[in-house]
Amino acid sequence: MALLFEPYTIRNVTFKNRIVMAPMCMYSCDKEDGKVMDWHKIHYGSRAVGQIGLLIVEATAILPEGRISPQDLGIWSDDHVEGLTELVELMKQHGAATGIQLAHAGRKATVDGTIYAPSAIAFSDQYKTPAE
Ligand SMILES: Cc1cc2nc3c(=O)[nH]c(=O)nc-3n(C[C@H](O)[C@H](O)[C@H](O)COP(=O)(O)O)c2cc1C
């Protein structure tokens, strides 16, 4: 039990405890531009206040067509830097380390326009057929 609250170091990063939050999509960008909103700062910030050691930000799309949904967070544009930086600063203020899951939804993307995947095979009949 005590081990859970012991710090540990991997290379040059020291985590204050062994509590890790898995990346969990929140589908909460209401402007559909992939930008961090106050909502994300409150959501992730409150986990940091709660003393999480490592917080991995939800699957964040490397391309707009690679979003699971239009509400996904994005990291495909320099316009995303400011909000993501603010998020990391917030984590640092509360002593949490931050990771991010870089993501491309492939054939499970549900956005307008063409979607892309390694093969032109739809995930199911609920999904679009991607371009190869
Ligand atoms: C609300 C929710 C959102 C999730 N979003 C992601 C995600 O963005 N990326 C991912 O790899 N897994 C995602 N998952 C899967 C969780 O990371 C996964 O359930 C967890 O790693 C499994 O851990 P467990 O086997 O200890 O339950 C999500 C799960 C939930 C409940």
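Residues numbered from 1 in each chain as written. Predicted model: local features only at pLDDT ≥ 70, side-chain atom pairs only at ≥ 80, totals over all residues. Heavy atoms only, no water.

Looking only at helices and strands, the protein features two helices and five strands. For the protein, the sequential pattern of α-helices and β-strands runs β-β-β-α-β-α-β. The C-alpha extent of the protein, read off along each of the three principal axes, is 50 × 30 × 25 Å. Counting every position in the protein, which comprises 132 residues, the buried fraction comes to 33%. Here the analysis covers contacts within the protein between residues at least 6 apart in sequence; of these, 56% occur between residues at least 24 apart. Only carbon and sulfur atoms are counted for the fraction: they give 56% of the accessible area of the protein, which is about 7,900 Å². Looking at charge distribution, the protein has the averaged site of its 12 positive side-chain charges lying 7 Å from that of its 16 negative ones. (Helix = DSSP H or I, 4+ residues; strand = E, 2+ residues; numbered from the N terminus. Buried < 20%, exposed > 50% of the residue type's maximum accessible area, 1.4 Å probe, protein only. Contact = heavy atoms within 4.5 Å. Areas by Shrake-Rupley, 256 points an atom, 1.4 Å probe, with all protein chains shown as cover. Lys, Arg positive; Asp, Glu negative; His and termini not counted. Charge placed at Lys NZ, Arg CZ, Asp CG, Glu CD.)

Side-chain pairs of opposite charge can arise where the charged atoms are in close proximity. Taken as a whole, this structure holds two salt bridges when the rule is applied. Close ionic contact of Asp38 with Lys41 constitutes a salt bridge, the shortest N to O distance being 3.8 Å. Pair noted here: Asp38 and Lys41 are both in helix α1 (residues 38-49), with a separation of three residues, about one helical turn. Relative accessible area serves as the criterion here: at 54%, Asp38 is assigned to the exposed category. (Salt bridge = Lys/Arg side-chain N within 4 Å of Asp/Glu carboxyl O.)

Here we have three strands laid out as an open sheet, ordered β3-β4-β5, and parallel in their pairing. Only two strands of the sheet have a single neighbouring strand rather than two, namely β3 (20-21) and β5 (97-103). Bridge count for β3 against strand β4 (residues 54-61) is two bridges, and the pairing is parallel. Directly across from Val20, in β4, lies its bridge partner Leu54. (Pairing = 2+ DSSP bridges.)

Turning our attention to the site of the ligand. In the neighbourhood of the ligand, the contacting residues comprise Ala22, Pro23, Met24, Cys25, Ala59 and Gln101. Residue Pro23 places a main-chain N or O atom 3.3 Å away from an oxygen atom belonging to the ligand. Within the backbone of Ala59, a nitrogen or oxygen atom sits 3.3 Å from an oxygen atom of the ligand. Protein coverage of the free-state accessible area of the ligand, which is 620 Å², stands at 34%. Across the shell around the ligand, the residue classes break down as five nonpolar, one polar and no charged. (Near = heavy atom within 4 Å. Polar contact = N/O pair within 3.5 Å; in protein donor to acceptor, adjacent residues only side chain to side chain. Nonpolar A, V, L, I, M, F, W, Y, C, P; charged D, E, K, R; others polar.)

What follows deals with the pairing of β4. Counting buried residues along β4, seven of its eight residues qualify, which places the element largely inside the surrounding structure. Between the parallel elements β3 and β4, the chain passes through α1 in a crossover that is right-handed. Once the chain exits β4 it traverses helix α2 (residues 81-93) before rejoining the sheet at β5, and the crossover so formed is right-handed. (Right-handed = clockwise from strand over helix to strand, strands pointing away.)

In total, this model carries two aromatic pairs according to the counting rule given. Seen from their ring centres, Phe123 and Tyr127 are 5.2 Å apart, and the 80° between their planes marks the pair as edge-to-face. A relative accessible area of 25% means that Tyr127 is categorised as partly exposed. The aromatic ring of Phe123 is capped on one face by Lys108, whose charged end is 4.5 Å from the ring centroid. (Phe/Tyr/Trp six-rings, centres within 6.5 Å; stacked < 30°, edge-to-face > 60°. Lys NZ or Arg CZ within 6 Å of the ring centre and 35° of its normal.)

These figures capture arrangement, not role.
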